[in-house]
Structure formats: C-alpha cells, structure tokens
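Inside the fold
This is what each chain is made of:
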Amino acid sequence: MKDDGGWRVRFYTILGGQALSLIGSALTQFVLIWWITDTTGSITALTAAGMAALLPQAVLGPLGGIFADRYSRRLLMITADGVSALCMLVLIALFLTDRIELWHALVMMAIRSAMQGFQEPAMVASTPMLVPGGFLVRAVGLEQSVHSLTLVAAAPLGALAIAVMPLGWALAIDVVTAVLGIAPLLLFRIPQAFAPDGGKAGLWWEFREGVEVVWGTPGLRQLFLLLGGVVLAFMPVFTLVPLLVKEHFGGDTVQLALMESLSGIGMGAGGLLVVVLAPRRRMPWILCGFAVSCGAMALTALAPRGLFGVAVAWWVVSGLAFVVADAPLTTVLQTIVPNHLLGRVMSLMNTVMGLAAPVGLGLLTPLGELFGVRGMFIVAGMFGVAISVSGFLSRPLMALDRHRLETDQECQANLPIK
C-alpha cells in the first residue's frame, strides 16, 4: 500500500463508523440476553441463545472468507450491516405489538450471526490494505480498543434503555447505528488484492487452498488448535455472565452493566497497551494473555456473594488480558498470510472459534445444571489456563513470529490491486 497521506482520514472514518455500529450491536445483545435471562432464568435458554449467536457464523465463516477474497469486501460489509438492521426492524415490530417469543429472538440472532460470518473476514482482511505496514500492529490494537470501549458505552446505555423505554424502542438504536456504520463505506474505496486467477477457481478449490495454508504450516495448525481449546473454555462462560450476576450475586441490569462496562474499560486498556508497546515477539504475549484471562475468569466466580466488587475486578483483569492476547494474534495472521488468502484464513479462524464455543456450551451446560453456573466458570477457567500454558512447549508455535509463508513479497506485489 502506498502512503499517500490520505490513509489516515479513510482508516479513522471507517473505524469510527464501525465503532458506532458496534455500540448498537452490543447494546442489542445486552438487551436481548437480559430479556432472556429475566424471562426464563434458564441455563438451557441462554445456551440456545449462545448457539444462535455463534453457530451460524461458524458454519458460514469459510464461505464468508472466500467471498472476502473474491468479491468487494466493502460491499460485503455494507450488505451484512443492512441485513442485520432489517432483523432488528422485525424484532422491534414484534416487541411493540407484544407478539415476541423466545424463538423469534433466537432466529433473528442466528441471521445476524450469519451476517457476521461475512462481515468480519471482510473487515479484518481490509485492514492491511487501509494502513501502511509499519502501522499495522497499532491499527489492530486501535481496533481492539475501539471494540472494547463500545462495551463500555453499550452496557450502561442498554441498562438505561431498558429502564426508560419499551424494549422495541431500545432495539431501534441499533438500526440508527447500523446506518451510521454503513455511511463511511459508501464514501471511501477500500483497496483489495485479488488472487492471480482472478477468482475463476471454484469455491471448493478456494476453500481447500485456505485449509491447506493453515494445515500445511505447523505453527499455524497448532495455533488454531490452541485457540479452539481456549475459546471452548472461555466463550460458554462469557455467555452466562448475566446468570452469574443474577443468581450468585443477586444483581440486576445495573450490576450487569457495571460489570460489562468496567470489563470494556479493561479491554480498551489492553488494546492501548498493545498500541503503545507494539510487541515484536507476539507468541509469548498471546499465550500469557490467554492464560491470565482464563485464570481471572475462574477467580471471578470464586468471589463470595457479598464481594461483588472483587468479582468485577477479576473480570476486568480477564478482559484486559484477553485483548493483550487477541490483538497480537490477529496481527500474526495479517503479517504472515498473503492478503489474497487472508479472508479465507481469518474465516477459518472464526470457524474454529465459532464451532468451539457451541461445543463448549454443550459440554459445560450439564455441568452447570448439576453444579451451578459458578462450577462452569471454575472448571472452564482452569481448562483454559492449561491449554494456554501448553503452547510454550511447542517449538513451531513459538517460532511463528519469524515464519513467513512461501508466497513472498515479490509474489504479493504482482497481485492485482483494485
């Protein structure tokens, strides 16, 4: 990418639009999850919501990655945001007419999840084309910080919206922010590297090419397996935070909003830490960050009922450490994978994460029904710590920072940029 001096305006404008869209999406997620928690109080219902929010993205992720490498990433992001906004309009109508049922919310959450399977690979693969190479680590750190800070705004806004307006109108905020997120994408062009064959290969061949890149690189293969193990432990627990707040600590939307907002501040601080330090050896950061995050997650549930502040403090530490790990992880892939393959590789990572999360929910839900939500937090946290620490024993994984795929800079330079 040429540093023409205009990349900053383009990058920060698109980033700002995505931040507003994320605030709306996070607010919607807060409102819907609390509605399910408050109306059912069931681990099974929250598990179903987690499945709806994660499984479609995992299943369609590989197709989304192929589309991100073959078609306009900008148009993919616009379409995904637009369809998600339409889903919200349907839910708004159902809430305002008192016809809403649990399955309505689950279906709309599933459709939005499917759209994420197309939008996320397109956005992540676009970042290296929006900023100079020397700014990439900081760009990813900024994106992580913005994503985290949206949680800070979304949780209290969600709690306030629930308190002062019908749920239908609270969801309408998401529609407005989706439009604001689409606007910059209509104004700015995003450069894109296309495959040498011009995208004429079949979808199955392109999917296999992405799989072969990951499976044929020992460090990448082990990284994906490790990430799957961490997500299997972390994501099911993250879905059940509202139930922990309500059942164990006796809290309501105010306590849940406080917990999620402060966690968002911690995640934002983690992203800024990556921006400032821009670590060159990223694998130690990734493994240590995931280990600390999972350990703090277990300590959150170990806090006694009367010490909610202690639980919040550990949850903040968990969020901060997770971003310290996740931002360098994204940069590793953006650095070593050629851009014309990046959408497929990122979508495969999202698929691993998306499939690991519902598998974890399925495995841990019986444990939660038997021992309670606290038991799920503790067992999952210790499992995540063990998986993360095991990564230090893998030489290919630890050497991944220095690895470059066979497609070198000269080959990438010959790819058509449009």
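In this text the structure is predicted, and so the values were computed from the model without any measurement.

A few words on the overall build of the chain. When helices and strands are tallied, the chain shows 16 helices and zero strands. Per-residue burial over the chain gives 58% buried out of 418 residues. Long-range pairs, those at least 24 residues apart, make up 88% of the contacts in the chain with a sequence separation of at least 6. Total accessible area on the chain stands at roughly 16900 Å², and carbon and sulfur atoms take up 69% of it.

Right, let's get into a nonpolar patch on the surface. Judged by side-chain polarity, Val292, Leu299, Leu302, Leu307, Val310, Trp314 and Val317 come together as a nonpolar surface patch covering roughly 540 Å² of accessible area. For the nonpolar patch, the elements supplying multiple residues, two or more each, are helix H11 (282-302) and helix H12 (308-336). In this fold, valine 317 is placed in helix H12.

Before going further, it helps to spend a moment on the nonpolar core. Counting 91 residues, the largest nonpolar core has Leu220, Phe290 and Phe377 as its most contacted members. Composition of this core by domain shows at least three residues from each of domain 1 (6-187) and domain 2 (203-406). The next biggest cluster of nonpolar side chains, apart from the first, holds 24 residues, and it includes Ile78, Val131, Leu136 and Val275.

Turning our attention to the packing of helix H8 (residues 218-239) against H11. One way to put it is that H8 packs onto H11 with a least axis distance of 11 Å and a crossing angle of 25°. Taken as axis vectors, H8 and H11 run roughly parallel relative to one another. Seen from above, H8 lies across H11 with left-handed handedness. Residues Leu223, Leu226, Leu227, Val230, Ala233, Phe234 and Val237 of H8 lie in contact with H11, whose contacting residues are Met283, Leu287, Phe290, Ser293, Cys294 and Met297. Split into classes, the residues belonging to the contact of H8 with H11 amount to twelve nonpolar, one polar and no charged.

Another point: the confidence of the model for the chain. Model confidence for the chain is summarised by a mean pLDDT of 80, while 88% of its residues fall at 70 or above. The least confident element of the chain is helix H16 (residues 409-413), whose mean pLDDT is 39; the most confident is helix H3 (residues 73-96), at 91. Segment residues 404-418 is flagged for pLDDT under 50; beyond a separation of four residues in sequence, or across chains, it makes 29 contacts in the model.

Moving on, we get to the pattern of salt bridges. According to the stated counting rule, one finds two salt bridges in the structure shown. Note that lysine 246 is salt-bridged to aspartate 38, the shortest N-O span being 3.5 Å. Taken together, the positions of lysine 246 in helix H9 (residues 241-247) and aspartate 38 in helix H1 (residues 7-40) put the pair 208 residues apart, joining distant regions of the chain. For aspartate 38, a relative accessible area of 47% translates into the label partly exposed. One salt bridge connects aspartate 174 with arginine 112, and the closest N-O pair in it is separated by 2.8 Å. On the criterion of sequence distance, the pair formed by aspartate 174 in helix H6 (residues 167-187) and arginine 112 in helix H4 (residues 102-130) is long-range, its members being 62 residues apart.

What follows concerns H3. For the α-helix, the turn length of 3.6 residues means that residues three or four positions removed from each other point alike. Between its terminal C-alpha atoms H3 stretches 35 Å, which fits the 34 Å expected from 24 residues at 1.5 Å a residue. Where H3 terminates, the next one or two residues include aspartate 98, which has phi positive at roughly 55°.

Let us look at the packing of aromatic side chains. Under the counting rule described, the total for this entry stands at seven aromatic pairs. Grouped by ring-pair contacts, the aromatic residues Phe67, Tyr71 and Phe118 constitute a single cluster.

The phi dihedral of aspartate 98 is positive, around 55°, even though this residue is not glycine. You can call aspartate 98 exposed: its relative accessible area is 69%.

Turning our attention to the environment of alanine 52. Looking at where alanine 52 falls in the secondary structure, it is placed in helix H2 (residues 43-70). Through-space distance from the C-alpha of alanine 52 to that of valine 107 is 7.2 Å; in sequence the pair is 55 residues apart. Residue contacts for alanine 52: discarding those within four places in its chain leaves Leu106, Met109, Ala110 and Ser113.

Let us look at the environment of proline 242. Along the polypeptide, proline 242 turns up in helix H9. A relative accessible area of 3% means that proline 242 is categorised as buried. With sequence-adjacent residues up to four places away left out, proline 242 is seen in contact with Ile33, Trp34, Thr37 and Leu256.

With 22 residues, H8 ought to run about 32 Å at 1.5 Å a step, and its terminal C-alpha atoms sit 32 Å apart, in line with that. The sharpest bend along H8 comes to roughly 30°, located at valine 231.

Thresholds applied
Residues numbered from 1 in each chain as written. Predicted model: local features only at pLDDT ≥ 70, side-chain atom pairs only at ≥ 80, totals over all residues. Heavy atoms only, no water. Helix = DSSP H or I, 4+ residues; strand = E, 2+ residues; numbered from the N terminus. Buried < 20%, exposed > 50% of the residue type's maximum accessible area, 1.4 Å probe, protein only. Contact = heavy atoms within 4.5 Å. Areas by Shrake-Rupley, 256 points an atom, 1.4 Å probe, with all protein chains shown as cover. Patch = residues over 30% accessible without salt bridge, like charges linked within 9 Å, V, L, I, M, F, W, Y side chains within 5 Å. Salt bridge = Lys/Arg side-chain N within 4 Å of Asp/Glu carboxyl O. Core = buried A, V, L, I, M, F, W, Y, C linked by side-chain atoms within 4.5 Å. Domains from an automatic or database assignment. Axes fitted to C-alpha atoms, helices over the stretch in contact; angles between N-to-C directions. Parallel < 35°, antiparallel > 145°, perpendicular 65-115°, else oblique. Left-handed = near helix turned anticlockwise from the far one by under 90°. Nonpolar A, V, L, I, M, F, W, Y, C, P; charged D, E, K, R; others polar. pLDDT = per-residue confidence, 0-100. Expected span 1.5 Å × (residues − 1). Phe/Tyr/Trp six-rings, centres within 6.5 Å; stacked < 30°, edge-to-face > 60°. Bend = angle between axes of the 7 residues up to and from the residue.

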